[in-house]
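Residue strings, one per chain:
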Amino acid sequence: MTTMSYDPWVRLNQLRGELDRLFEPTTGTSRSAADNPHVVTGDWVPAVDIKEEADHFALFADVPGTDPKQIEITMEKGVLTIKGVRNGPAQEARQSYKRTERPRGTFYRRFNLPDTADPDKITARTANGVLELVIPKRTLGQARKIQVES
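Bear in mind the structure is a predicted one, so any value in this text is a computation, not a measurement.

K.L.:
Would you mind showing me how to read unusual backbone geometry here?
P.N.:
For residues besides glycine, phi is generally negative; the peptide bonds are generally trans as well. The backbone of K77 sits at a positive phi, close to 50°, despite the residue not being glycine. Its place among the elements puts K77 in the loop between β3 (71-76) and β4 (79-86). Phi angles above zero are rare outside glycine, and N128 is one such case at about 55°. Structurally, the position occupied by N128 is in the loop between β6 (123-127) and β7 (130-136). Taking the relative accessible area as the measure of exposure, N128 reaches 82% and is therefore exposed.

And the structure:
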């Protein structure tokens, strides 16, 4: 008997994505994949919470069962990228399964960070299947008024 993984929400999520794209305003400007949460770039998408504190941002991503060595975090041009792999049982072991619902494979998330984020001081750790990123804020110089001389 061949085991088929079943996700009851796949079709509904695809429909929602199509409807979102249909009703998205078209202003002639293209959006990058970092701005579009509906771009499928992995086998599954971890749920993420982002919180802002006075001196830092905190990002929490659910990645249970993922080896921290299999997670890659990069920051380039204001875009934070989290990608990784969660492995499941081998194909031979899966043949005895009657049902598989837990996603496995690659995941990929991108986030545009504000100018106040300090990319040089980002820290990451995992605990109990949650990836926690702390993104400190840097102080930006105050805007100053420049007098125009005549």
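Now, onward.
K.L.:
Mind showing me how you'd approach the packing of aromatic side chains here?
P.N.:
Within a pair of aromatic rings, the relevant descriptors are the distance that separates the centres and the angle that separates the planes. On inspection of all chains with the given rule, the structure shows one aromatic pair. Directly above the aromatic system of W44 lies the positively charged group of R86, at a separation of 4.0 Å from the ring centroid. The ring of F57 has K137 lying over it, and the distance from NZ or CZ to the ring centre is 4.9 Å.

K.L.:
Before we go on, may I ask you to explain the sheet that holds β6 in this structure?
P.N.:
Two strands in a sheet stick together by hydrogen bonds in their backbones, pointing the same way (parallel) or opposite ways (antiparallel). A sheet is described by the order of its strands in space; here four strands give the open sequence β1-β2-β7-β6, paired in antiparallel fashion. Edge positions in the sheet fall to β1 (48-52) and β6, since each has one partner strand and no second. Each adjacent strand pair in this sheet contributes to an overall mean axis angle of 15°, direction not counted. Across five bridges, the pairing between β1 and strand β2 (residues 56-62) is antiparallel. Counted as the bridge partner of E52 is F57 from β2.

K.L.:
So what exactly am I meant to see when it comes to the sheet that holds β4 here?
P.N.:
Taken in spatial order, the three strands line up as β3-β4-β5 in an open sheet, and their pairing is antiparallel. Two strands close off the open sheet at either side, each with one partner strand: β3 and β5 (105-112). Between one strand axis and the next, the sheet turns through 10° on average, direction left out of account. Strand direction decides the pairing type here: β4 and β5, joined by eight bridges, are antiparallel. Each residue of the ladder has a partner; that of K83, found in β5, is Y108.

K.L.:
I tried to follow the pairing of β4 on my own but got confused; where do I start?
P.N.:
Where a strand is regular, its side chains alternate between the two sheet faces. With respect to burial, β4 is a largely interior element, six of its eight residues being buried. Bridging between β3 and β4 involves six bridges; their strand directions are antiparallel. Following the sheet pairing, T74 is matched in β4 by T81. Here β3 hands over to β4 after two residues, with K77 in that stretch at a positive phi of 50°.

About the criteria used
Residues numbered from 1 in each chain as written. Predicted model: local features only at pLDDT ≥ 70, side-chain atom pairs only at ≥ 80, totals over all residues. Heavy atoms only, no water. Helix = DSSP H or I, 4+ residues; strand = E, 2+ residues; numbered from the N terminus. Buried < 20%, exposed > 50% of the residue type's maximum accessible area, 1.4 Å probe, protein only. Phe/Tyr/Trp six-rings, centres within 6.5 Å; stacked < 30°, edge-to-face > 60°. Lys NZ or Arg CZ within 6 Å of the ring centre and 35° of its normal. Pairing = 2+ DSSP bridges. Axes fitted to C-alpha atoms, helices over the stretch in contact; angles between N-to-C directions.

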